[in-house]
Amino acid sequence: MKKPSVLVSGGAGYIGSHTAVELIAAGYDVVIVDNLSNSDIAAVEGVRRITGAEIPFVEVDCCDRTALRRVFETYDFDSVIHFAASKAVGESVQKPLEYYTNNLTSFMNIIALMREFGRHNIVFSSSCTVYGEPDKQPVTEQTPRKPATSPYGNTKQMCEDILRDSIAAYEGLKGIALRYFNPIGAHPSAQIGELPRGVPQNLVPYITQTAAGVRECLSVFGDDYPTADGSCIRDYIDVTDLARAHVAAIGRMAGDKNKERYEIFNVGTGRGVSVLELVTRFEQVNGVKVNHKIAPRREGDIIAIWADPTLANEELGWQATRTLDETLASAWAWEKHLRDME
Ligand code: NAD
Ligand code: WQD
């Protein structure tokens, strides 16, 4: 019998590569497409090494519908997970047109081709950024979305709406939007992980590079927020746990469990951790020093957000399993692997 198969767009990227590993472990065939605009083919090789699977990779820009159509013609996948997008919040403010063009066009091309080829099930990478600064914690899927504060955030809201409206209009199409909280860490094998380009904008890659001596000092953006230690609070989710949520979502759509054809799930741990707590835990778990200083608040940062993951726990049968310590150890192992490669 033919194995079920999934097209993973953006599969050479951070979350996509980890998801490809988990899909293969769960018995799926995987086809990866990526234009390598923010990734390296080494990630696909890493996935092949970890899984021992032959994974077709096509270098293609999802904004190029003709090129993407050839992928649909060539490979017989049942479902799509759409990761391909530009994701830097700050850059999106500087380059809004690039962000709207890339994130919206690639997504609309995928949906249009799914219709054309009768492929029914799609998982979309959404983000907790759609909630903005929430009035109440933790946030559930019912928590109202706030107006987006960046073009990037706006593309996530718009793509959620495009998906909702497409599913309402086109019979047969089913979709799940996963709203990720803050993905961190790397595969336990240290064969794949996050590959930040230039100076990392996100906290954990900045921590690991500082511990490795690549950066001199981490700036903790603000210690005067109304939180217990004054620094911001986030819900840090292990990337392999996050990857498994995609497998659960694909499985759900293939079965008959979902009552609605369009569903949204928060993917977080339910645990809020402050920046200073994270730095201290990283130092303790890995036995390394992270030089850090308190710096002014970063513009646009929200004070605190963490997930209520009950819906994903109950409906997807998914749960975050890795401890923060395991995740921070994996982030450090990956950073050391990168330094060894130099
Ligand atoms: P990433 O940059 O590592 O992965 C995205 C991949 O998509 C990259 O490999 C990039 O080369 C590729 N890509 C971009 N535009 C493309 C295009 N037009 N055609 C083909 N490939 C293209 O980012 P990630 O952290 O793995 O994020 C994956 C998805 O999850 C994105 O949609 C992102 O917005 C979303 N997300 C990420 C986070 C996070 O903190 N990392 C949080 C919430 C949501
Ligand atoms: C985490 C915390 C910073 C760097 C971003 C996107 C969001 C989603 C996830 C995609 C904050 C603090 C950071 C540093 C610091 N991505 N920090 N020093 O901003 O919560 O979310 O990634 O959808 O849309 O906005 O993540 O890792 O940048 O920051 O003190 O050098 O770490 O202020 O409190 P963020 P982050």
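Residues numbered from 1 in each chain as written. Chains lettered and ligands numbered in written order. Predicted model: local features only at pLDDT ≥ 70, side-chain atom pairs only at ≥ 80, totals over all residues. Heavy atoms only, no water.

Student: Before we go on, may I ask you to explain the overall build of the protein chain in this structure?
Tutor: The secondary structure content of the protein chain amounts to 11 helices and 13 strands. A compact globule built from 342 residues would reach a C-alpha radius of gyration of about 20 Å, and the protein chain, at 19 Å, matches this within 12%. On the principal axes, the C-alpha backbone points of the protein chain span a range of 55 × 45 × 40 Å. Each of the 342 residues in the protein chain was classed as buried or not, and the buried ones make up 52%. (Helix = DSSP H or I, 4+ residues; strand = E, 2+ residues; numbered from the N terminus. Rg over C-alpha atoms; globule rule 2.2 N^0.38 Å. Buried < 20%, exposed > 50% of the residue type's maximum accessible area, 1.4 Å probe, protein only.)

Student: What should I look at first to understand the site of ligand 2 in this one?
Tutor: Near ligand 2 lie 19 residues; those nearest to it are Ser 127, Tyr 152, Ser 219, Arg 234 and Asp 301. For ligand 2, an oxygen atom lies 2.7 Å from a polar atom in the side chain of Ser 127. Separating an oxygen atom of ligand 2 from a side-chain N or O atom of Tyr 152 is a distance of 2.6 Å. In isolation ligand 2 offers 690 Å² of accessible surface; the protein chains occlude 88% of this area. Those elements giving two or more residues to the shell around ligand 2 turn out to be helix 7 (203–211) and strand 8 (218–221). In terms of residues, the shell around ligand 2 owes the most to one element, strand 8, which gives 4 residues. Classifying every residue of the shell around ligand 2 by side-chain character gives 10 nonpolar, 6 polar and 3 charged. (Near = heavy atom within 4 Å. Polar contact = N/O pair within 3.5 Å; in protein donor to acceptor, adjacent residues only side chain to side chain. Areas by Shrake-Rupley, 256 points an atom, 1.4 Å probe, with all protein chains shown as cover. Nonpolar A, V, L, I, M, F, W, Y, C, P; charged D, E, K, R; others polar.)

Student: How should the confidence of the model for the protein chain be read in this particular structure?
Tutor: A low pLDDT means the predicted coordinates there should not be read in detail. When pLDDT is averaged across the protein chain, the result is 97; 100% of the residues are at 70 or more. The least confident element of the protein chain is helix 4 (residues 89–94), whose mean pLDDT is 96; the most confident is strand 10 (residues 236–238), at 99. (pLDDT = per-residue confidence, 0-100.)

Student: Which parts of the structure should I look at to understand the sheet that holds strand 6 (residues 174–180)?
Tutor: To summarise the sheet geometry, strands pair through backbone hydrogen bonds and adopt either a parallel or an antiparallel arrangement. The parallel open sheet is built from 7 strands, whose spatial order is 3-2-1-4-5-6-11. The sheet is open, and its two edges are formed by strand 3 (57–59) and strand 11 (262–267), each paired on a single side. Strand-to-strand, the axes of this sheet are offset by a mean angle of 20 degrees, without reference to chain direction. Bridge count for strand 5 (residues 121–127) against strand 6 is 7 bridges, and the pairing is parallel. Directly across from Ser 126, in strand 6, lies its bridge partner Arg 179. (Pairing = 2+ DSSP bridges. Axes fitted to C-alpha atoms, helices over the stretch in contact; angles between N-to-C directions.)

Student: Please clarify how the packing of aromatic side chains should be interpreted in this entry.
Tutor: Geometrically, a pair of aromatic rings is defined through the distance of the ring centres and the angle of the planes. Applying the stated criterion to the full structure yields 5 aromatic pairs. Between the aromatic rings of Phe 72 and Phe 77, the centroid separation amounts to 4.9 Å while the plane-to-plane angle is 75 degrees, which identifies the pairing as edge-to-face. Side by side, Phe 72 and Phe 77 carry an identical accessibility label, which is buried. Ring centres of Phe 72 and Phe 117 lie 5.6 Å apart, and the angle between their planes is 45 degrees; this geometry places the pair in the tilted category. With Phe 72 in helix 3 (residues 65–74) and Phe 117 in helix 5 (residues 96–117), the pair connects residues that are 45 residues apart, well separated along the chain. Assessed through its relative accessible area of 25%, Phe 117 is described here as partly exposed. A cation over a ring is seen here: Arg 115 above Tyr 170, with NZ or CZ 3.5 Å from the ring centre. In this structure, Arg 297 is placed above the aromatic ring of Tyr 225, and the distance from its NZ or CZ to the ring centre is 4.0 Å. (Phe/Tyr/Trp six-rings, centres within 6.5 Å; stacked < 30°, edge-to-face > 60°. Lys NZ or Arg CZ within 6 Å of the ring centre and 35° of its normal.)

Student: Looking at this structure, how should I read the site of ligand 1?
Tutor: Taken together, 27 residues are adjacent to ligand 1, and Asp 34, Asn 38, Ser 39, Asn 102 and Tyr 152 come closest. Within the side chain of Asp 61, one N or O atom sits 2.9 Å away from a nitrogen atom of ligand 1. Against a free-state accessible area of 810 Å², the protein chains account for coverage of 95% of ligand 1. Every element with two or more residues in the shell around ligand 1 is listed here: helix 1 (14–25), strand 5 and helix 6 (151–169). Broken down by element, the shell around ligand 1 gets its largest block of residues, 3 residues, from strand 5. Residue composition of the shell around ligand 1, grouped by class: 13 nonpolar, 10 polar and 4 charged.

Student: Sorry if this is basic, but what is going on with the pairing of strand 5 here?
Tutor: Moving residue by residue along a regular strand, the side chains alternate between the two faces of the sheet. A large share of strand 5 lies buried, amounting to 7 of its 7 residues. Where strand 4 (residues 79–82) and strand 5 come together, 4 bridges link them in parallel fashion. The partner of His 82 across the bridge, within strand 5, is Phe 124.

Student: It is not clear to me how the nonpolar core should be interpreted in this structure. Could you clarify?
Tutor: Buried together is how nonpolar side chains tend to be arranged in soluble globular proteins. Formed by 37 residues in total, the largest nonpolar core has its most connected members in Leu 23, Val 30, Ile 32, Leu 178, Leu 316 and Trp 318. Every element with two or more residues in this core is listed here: strand 1 (5–9), helix 1, strand 2 (29–34), helix 2 (41–51), strand 6, helix 8 (239–254), strand 11 and helix 10 (310–316). Ranked by residues supplied to this core, first place goes to helix 8 with 8 residues. What Leu 23 contacts, discounting residues up to four positions off in sequence, is Val 6, Val 8, Tyr 28, Val 30, Ile 81 and Val 247. Counting 26 residues, the second-largest nonpolar core is a separate cluster that includes Val 71, Val 80, Leu 104 and Tyr 262. (Core = buried A, V, L, I, M, F, W, Y, C linked by side-chain atoms within 4.5 Å. Contact = heavy atoms within 4.5 Å.)

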